[in-house]
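Single-letter residue listing:
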Amino acid sequence: MGRFISIEFSFVKRLLMLLIVISIFSNSFNNKVIEAVSPDKPLITSEAAILIDGKTGRTLYEKKPDKKMNPASLTKIATAIYAIENGNLDDLVTVSHNAREVVGTRVYLEEGEKITLKRLIQGLLINSGNDAGVAIAEHLDGSVEGFATSLNRYLRDLGLQNTNFVNPHGLYHPEHQTTARDLALITKYAMKNRDFREIFGTKELKWNGKSWDTTIYTHHKLMRQQPYDGITGGKTGYVVESGITLVTTATRGELSLIAVTLNAPSEDIAYHDTVDLLDYGFDNFNVESISEGQLFAINNEEYINNDILIYTISKNEKIHQQITNDGLLELKNDFQDVIATFQLERITTLNDKNVSETKDSQIKDHSNYTFIYVLFFTMFVLALLMISRWFYRNFNKKMYY
């Protein structure tokens, strides 16, 4: 009987040891998977920040992205693209007394001076001229107030839900607010426009005004004094209430990034945060695509993509394709986060088929196979232990009986 108890205790001990080993292996495996798809994120000091892919819009980093804050002169990005799309760049604008008298950074317009709308947008974005902003607003909508109403309607139509601007330049007003996410989205939209891209990326420009004959330079240091590889544009902002604000765009290869930082305590910190964000994006993410004309099927429906589908992924991220019943292609990572969605075109109804997977090859999930192997091995070992336990119990019964 003592021998039987000893065998029973030995079995339990072996079982407990096996479970502990499996638990350790499983935790180690999960940690490796998490580390593989979650690169170390930068430590950002600015109060709010966001990094997005400039083509797909995927958020690659965020810190308080939806907190409403004062953007200062980053407002001028919205003013510029609104003016480009709603005005004639060749129009001659007559500068008013209100524009002449606005405070802050200026391009020193004179009352009664006539200047083209395009020139005003250049002075607005390159030299951050507040007077140019007022001149644009009055030309397009009659007054700063009318312009703000039209601009806010325009931004809402573009999908910006947390922005309210009361002026074209960003001088402080308690109701003049936006978010890092909205600023990234309006910049993404604006960068699709050739005229905007050209002006936004201008480093210097000869300025021959009525009272100011000079060369104006971009205020963004990563475009001139501290050039960053791949930079395509930038806008700075500052008022006491907003702190230092920056929007920066950069492209390397197929990857285009937009970085926004709000309320940095110093200029050095704002640029340090921006460089860290851009480095993080370029070091850890790639642009991938699904070629045009791929066929996808679910249930009895067949779909096709008529364009090249572009998405952004971490360099160690695995993507899985899933089709919804209405033909929406969802790309998900290992944690089932939706990376991108694409609406496909329905082309036919399949006969005698009930397909729930895409016809093209799916990306293999090796981690799932590994888990299955571990599970199978565990069950096999447990089975052997159970057989061993049964054998010893019956053997001991024969001995004692």
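An unreviewed UniProt entry lists the chain under the name D-alanyl-D-alanine carboxypeptidase, with Ureibacillus acetophenoni as the source organism.

*Asks:* It is not clear to me how the nonpolar core should be interpreted in this structure. Could you clarify?
*Replies:* Soluble globular proteins: nonpolar side chains tend toward being buried together. Ranked by size, the top nonpolar core spans 54 residues in total, and within it I121, F196 and V260 carry the most contacts. At 7 residues, the largest contribution of residues to this core is made by helix α2 (residues 75-86). With near-sequence residues (within four places) excluded, I121 lies in contact with A80, A83, I84, L89, I136 and I199.

*Asks:* In this structure, what is going on with the side chain of D131? I would like to understand it.
*Replies:* Mapped onto the fold, D131 is located in helix α5 (residues 130-141). A polar contact of 3.1 Å, which involves the side chain of D131, links it to the backbone nitrogen of V107. Within the local environment of D131, its side chain forms a polar contact with the backbone nitrogen of Y108, the two atoms lying 3.0 Å apart. Every residue in contact with D131, bar those within four places of it in the chain, is listed here: A99, V102, T105, R106, V107, Y108 and L109.

*Asks:* What is the right way to look at the sheet that holds strand β9 (residues 255-264) in this model?
*Replies:* Within a beta sheet, neighbouring strands are joined by backbone hydrogen bonds and run either parallel or antiparallel to one another. In spatial order, the strands read β2-β1-β9-β8-β7; together these 5 strands make up an open sheet with antiparallel pairing. Whereas interior strands pair on both sides, the edge strands pair on one side only; in this sheet they are β2 (59-63) and β7 (231-239). Taking each pair of neighbouring strands and ignoring which way they run, the sheet shows an average axis angle of 5°. In this sheet, β9 lies alongside strand β1 (residues 48-53) in antiparallel orientation, the contact comprising 6 bridges. By the bridge assignment for β9, L51 is matched with A259. Of the strands in this sheet, β1, β2, β8 (243-252) and β9 touch helix α7 (residues 180-190), which is tilted by about 145° from β9.

Cut-offs used in this document
Residues numbered from 1 in each chain as written. Predicted model: local features only at pLDDT ≥ 70, side-chain atom pairs only at ≥ 80, totals over all residues. Heavy atoms only, no water. Core = buried A, V, L, I, M, F, W, Y, C linked by side-chain atoms within 4.5 Å. Buried < 20%, exposed > 50% of the residue type's maximum accessible area, 1.4 Å probe, protein only. Helix = DSSP H or I, 4+ residues; strand = E, 2+ residues; numbered from the N terminus. Contact = heavy atoms within 4.5 Å. Polar contact = N/O pair within 3.5 Å; in protein donor to acceptor, adjacent residues only side chain to side chain. Pairing = 2+ DSSP bridges. Axes fitted to C-alpha atoms, helices over the stretch in contact; angles between N-to-C directions.

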